[in-house]
Every structure is written in structure tokens, then in C-alpha cells.
Amino acid sequence: MKPLGLLVLALLVTALVVGDVSAQAPIEGELTLITPVSKFIHDAALKAFADYAKERWGVTVKVNAIPAGTPVAYGRIVEWKGKPEADIFWGGESALFEKLAEQKLLQKVEISREAWDSIPASIGKPKPIPLKDKDGFWVGTALEPYGIVYHPKKIQRLGLPEPKEWDDLLNPKLKGEVAQCAPTRSSSSNATYEVILSMYGEDKGWQWLKKLSENTGHFTARSRDVPTVVAKGEYSAGFAVPSYMAFEEKLAGFDIKYVAPKNSFVTPEPMAILAGSRNPRAARAFIEFLLTERGQRVFMERGLFPITPKYKVQGAPGSTAEMAVEFTGGVRSYFDRDVSNVYDETVATRRSEALKVRFRSDIEAVWKKP
């Protein structure tokens, strides 16, 4: 064979070998999330996955997170038009994930059958809360109730019993003492507004929400700020707070308590892989890891609950897991209790924009700090 022919042959063999190695690489070396989930959770989950990837495949994964409130994250994903700057969208209302799937901005999760089947289809009555997408475009990662936080000493000084139900926030003694985040900025607020509207109906529900605004002394920039201002004693109670955000303040040593009233929405913290993701294998591996006991433990030690009946929040005496159980009223698994739910995903999807418009006109435009 002539030297030129040998050179061409060598180049072809090299290309085939490199291509084969690339095709067989277990996962890519990078993973980026866009998420409203707080740093307290997403940093721990990403670090645990990076450690796991190094142990299992010998791959060093560079992990990143783009923090963004749910409506903001959704807007950015739409703006990317299938050429995303992230691989995964994590957290918020599943209704938004459905809208992204309709726009072909998500790809199917395609995790192992064992991992997919470990998650029940839904939880809660009379309105079942979906825990995974029937068409396979998103999957739940952990259960997280949205409830009320309060500062026990401030509540006591006001001469009030500790709040247990949503109506307790309307007590006239709490005028100016409630903190909340606008539903235009926060999926937890939006979902809880939906709960109130579902409980009382459209007219009475908006009357209730207006009364809540009369007791509201502060609308925070982010839902994450609500438990912070309550923990610091700036306000007595907070509305629509995810359990783990409150628990983070407890771990920091603040005097704060949490309760999930009847009909509190429980989110499955959905996760989806974005269409056009540059690292789809790493994204799928991350999701599968989070559904293992090791992955679920990351959540269970931070005030969240397992997405599968296989696991329960448990730990050694004095551990953060046991502190989380005590903080959330003794709950170890939401599959061990009756979950009352009135949130209707179909209604929420249909009413999403109208709710925000009415909030702006009926509450935001006329609200005055008490």
C-alpha cells in the first residue's frame, strides 16, 4: 500500500476508535440546572451526584446551577427556543412543565423502568396530585408541602394561639405581621393561591386573599425570603412556605415553627430534561441517582420527603433527619397518611395567567403597607 493510502487508513481507524469511545462514554463531564430550588438543596444534590459519578464511572462532572424563580426560569427556557443554556429544569408547578412539553421544549426523561416504576402515579384526594408525567416528559424527585411558618414568641406576644389552619392568618391581631411572596414571582405562592380559590370558590377565594393582603406587612422579592424575615422576628407569620426553606432557618438556629394546614399543596418537585440539552446522558444519570436511597437521603436530611413509598425519613437520634421529622410534625412519609388535596392541575394551568392578572389589579395595585 502507498504511504498516502496508509495515512488515510490510519486516520480512518483513529476516527472510528475515537467515535466509539465517545459513543460509549457513560455520561458527559458537565451538568447544568436552572431551578427555583434553593442553594441549600441543589448544591447538596449536585455535590452528591458528582461524588457518585466519580465513584461509579471515574468521571469528573462539572456541576452548575442557574438560580431562578419558577416563572423566570420558565420564561428563559421559552426564550432559549430549544437551544438551552441548561440541561435540566427542576422545581415548581408541574403545570408549567406541561406547557413546556406542549411547546416541544422538553425531551422524554427515559430513565430506567425500575426508577420510573418506583414512583406512584399520584398522591392525594379528592384531587390526585400527579407525581410523574403520563407521557414521560417530567418526573417527581421529592415531596414538599407548602405551609405556614411562624415566630412562636411573636405569636405569643400578640396573644394568639399558634396557627394551624389557613384562616388563622386572617386574625385582625396579625395586621401588618404576615409576609408572603407574590404569586407572579413564586410557584409556591401561586399554588397556594390556587388552593384558596379551590377551597372557597373564585369570589370568596379572592375576598379571602384580599383579607390576607390587609394583614400582609411585606411582599418579599423571593419565596425563599419569607421564612428568613419570620425567623429574624421581622414578621410573625409567613404564607405559602416550602417545608425545606423553613427547615433551613431552623438548622441555622432561629426560633421558627412550621405547619402544613389541611389542603396544603404538596409538590413533587418536578424535574425535566430540556430539549437540545448538551449533556443528556448526565441529566438522565442525575435523575436516576436522585431516585436511589442515597439520592433521596439528600432530601430527607433537609426537610423534604421521599417521592417513593420505599423510603422514610429516618436517622440516628439528634440527626438532621430526625430534626426534620420533629419540625414537620412527626411526618416520615406522605405515603403513610391521608393527603387532602383540592389543587386541580387542569384548572391551575387554565387559570394561571388570569390569576396573575387579577393579583396585579386587585391586590398589588392597591396594597399599602399597614
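From a predicted model like this one, the values you see are computed outputs, not experimental measurements.

Please explain the overall build of the protein as it appears in this structure.
The helix and strand tally for the protein stands at 14 helices and 16 strands. The globule rule puts the C-alpha radius of gyration for 370 residues at 21 Å, and the 23 Å found for the protein is close to it. A principal-axis box enclosing the C-alpha atoms of the protein has dimensions of 95 × 50 × 35 Å. Accessible surface, the protein: about 16700 Å² in total, of which carbon and sulfur atoms supply 54%. The averaged location of the 45 negative side-chain charges in the protein is 2 Å from the averaged location of its 50 positive side-chain charges.

Sorry if this is basic, but what is going on with helix H11 (residues 280-290) here?
Note that an α-helix has 3.6 residues per turn; residues three or four places apart therefore point the same way. Most of H11 is tucked away, with eight of its eleven residues classed as buried. Considered for burial, the residues of H11 that qualify are Ala-282, Ala-283, Arg-284, Ala-285, Phe-286, Ile-287, Phe-289 and Leu-290.

I would appreciate a short explanation of the packing of aromatic side chains in the present structure.
Given two aromatic rings, their pairing is described by the distance between the two centres and the angle made by the two planes. For the structure shown, the criterion picks out 20 aromatic pairs. Judged by centre distance (4.3 Å) and plane angle (40°), the rings of Phe-265 and Tyr-343 are tilted. Taken together, the residues Phe-265 in the loop between strand S13 (257-259) and strand S14 (266-267) and Tyr-343 in the loop between strand S16 (340-341) and helix H14 (345-364) connect sequence positions 78 residues apart. In terms of burial, Phe-265 and Tyr-343 fall into one category: buried. The rings of Trp-166, Tyr-193, Tyr-200, Trp-206, Trp-208, Phe-219, Phe-239, Phe-359 and Trp-367 are connected pair by pair, giving a single aromatic cluster.

Would you take a moment to explain the side chain of Glu-322 for this structure?
The topology assignment puts Glu-322 in helix H13 (residues 320-327). Here the side chain of Glu-322 touches Arg-332 through a polar contact of 2.9 Å, side chain to side chain. Sequence-distant contacts of Glu-322, defined by excluding residues within four places in its chain, comprise Val-313, Gln-314, Gly-315, Ala-316 and Arg-332.

Explanation requested: unusual backbone geometry in the structure shown.
Backbone geometry follows two general trends: most residues other than glycine have a negative phi, and most peptide bonds adopt the trans configuration. Residue Pro-126 follows Lys-125 across a cis peptide bond; omega there is 0°. Relative to the helices and strands, Pro-126 is located in strand S6 (residues 125-126). At Lys-81, a position not held by glycine, the phi torsion is positive, near 50°. Mapping Lys-81 onto the fold places it in the loop between helix H3 (70-80) and strand S3 (88-90). Its identity is not glycine, yet Glu-269 carries a phi of approximately 45°, on the positive side.

Would you mind going over the pattern of salt bridges with me for this structure?
A pair can form between side chains of opposite charge whenever their charged atoms are brought close. Going through the model one piece at a time under the given rule, you end up with 21 salt bridges. Here Glu-110 ties to Arg-284 by a salt bridge, and the two come within 3.3 Å at their closest N and O atoms. Taken as a pair, Glu-110 in the loop between strand S4 (106-107) and helix H5 (113-117) and Arg-284 in helix H11 lie far apart in primary sequence, 174 residues in all. Among the residues examined, Glu-110 registers a relative accessible area of 56% and is labelled exposed. Under the relative-accessibility criterion, Arg-284 is labelled buried at 19%. Of the charged contacts in the structure, one is a salt bridge between Asp-225 and Arg-222, with a shortest N-O distance of 2.8 Å. Through salt bridges with shared partners, a single network forms among Glu-194, Glu-202 and Arg-351.

What should I look at first to understand the environment of Ala-272 in this one?
Along the chain, Ala-272 turns up in strand S15 (residues 270-274). Taking relative accessible area as the criterion, Ala-272 reaches 0% and is therefore assigned buried. Along the backbone, Ala-272 and Gly-315 are 43 residues apart, and their C-alpha atoms lie at a distance of 30 Å. Non-local contacts of Ala-272, meaning those with residues more than four positions away in its chain, are made with Asp-87, Ile-88, Phe-89, Phe-97, Leu-106, Phe-137 and Trp-138.

Please clarify how the nonpolar core should be interpreted in this entry.
Across soluble globular proteins, nonpolar side chains have a tendency to be buried as a group. Judged by nonpolar contacts, the single largest core of 100 residues is most densely connected at Ile-88, Phe-239 and Phe-286. The greatest single-element share of this core, amounting to eight residues, is contributed by helix H2 (residues 39-57). Core analysis: the second largest hydrophobic core is formed by 19 residues, Ile-66, Ala-68, Ile-77 and Ala-101 among them.

How should I be thinking about the side chain of Glu-93 in this particular structure?
Note that Glu-93 resides in the loop between S3 and helix H4 (94-102). Buried and without a salt bridge, Glu-93 has Lys-356 as its closest oppositely charged side chain, separated by 5.3 Å. Not counting chain neighbours up to four residues away, the residues in contact with Glu-93 comprise Thr-70, Ser-187, Asn-190, Ala-191 and Tyr-343.

What should I look at first to understand the confidence of the model for the protein in this one?
Caution applies to low-pLDDT regions: their predicted coordinates should not be interpreted in detail. In the predicted model, the protein carries a mean pLDDT of 92, and 94% of its residues have values of at least 70. In this model, residues 10-23 is a region of pLDDT below 50 whose contacts with residues beyond four sequence positions or in other chains number one contact.

In this structure, what is going on with the pairing of strand S1 (residues 30-35)? I would like to understand it.
On a regular strand, one side chain projects to one face of the sheet and the next to the other, so that they alternate. By the criterion of burial, S1 is predominantly enclosed, with five of the six residues buried. Both S1 and strand S2 (residues 62-67) contribute to a ladder of six bridges, which runs parallel. Counted as the bridge partner of Leu-33 is Ala-65 from S2. With H2 bridging S1 and its parallel neighbour S2, the resulting β-α-β unit is right-handed. Across two bridges, the pairing between S1 and S3 is parallel.

Teacher, can you tell me more about the pairing of strand S10 (residues 178-181) here?
Burial along S10 is two-sided: the face carrying Val-178 and Gln-180 and the face carrying Ala-179 and Cys-181 are both buried. The sheet contact formed by S10 and strand S11 (residues 216-220) spans four bridges and is parallel. Paired with Ala-179 across the two strands is His-218, which belongs to S11. Here S10 runs beside strand S12 (residues 237-242); their pairing, made up of two bridges, is parallel. Looking at S12, one finds that Ala-179 is bridged to Gly-238.

Cut-off values and rules
- Residues numbered from 1 in each chain as written.
- Predicted model: local features only at pLDDT ≥ 70, side-chain atom pairs only at ≥ 80, totals over all residues.
- Heavy atoms only, no water.
- Helix = DSSP H or I, 4+ residues; strand = E, 2+ residues; numbered from the N terminus.
- Rg over C-alpha atoms; globule rule 2.2 N^0.38 Å.
- Areas by Shrake-Rupley, 256 points an atom, 1.4 Å probe, with all protein chains shown as cover.
- Lys, Arg positive; Asp, Glu negative; His and termini not counted.
- Charge placed at Lys NZ, Arg CZ, Asp CG, Glu CD.
- Buried < 20%, exposed > 50% of the residue type's maximum accessible area, 1.4 Å probe, protein only.
- Phe/Tyr/Trp six-rings, centres within 6.5 Å; stacked < 30°, edge-to-face > 60°.
- Polar contact = N/O pair within 3.5 Å; in protein donor to acceptor, adjacent residues only side chain to side chain.
- Contact = heavy atoms within 4.5 Å.
- Salt bridge = Lys/Arg side-chain N within 4 Å of Asp/Glu carboxyl O.
- Core = buried A, V, L, I, M, F, W, Y, C linked by side-chain atoms within 4.5 Å.
- pLDDT = per-residue confidence, 0-100.
- Pairing = 2+ DSSP bridges.
- Right-handed = clockwise from strand over helix to strand, strands pointing away.

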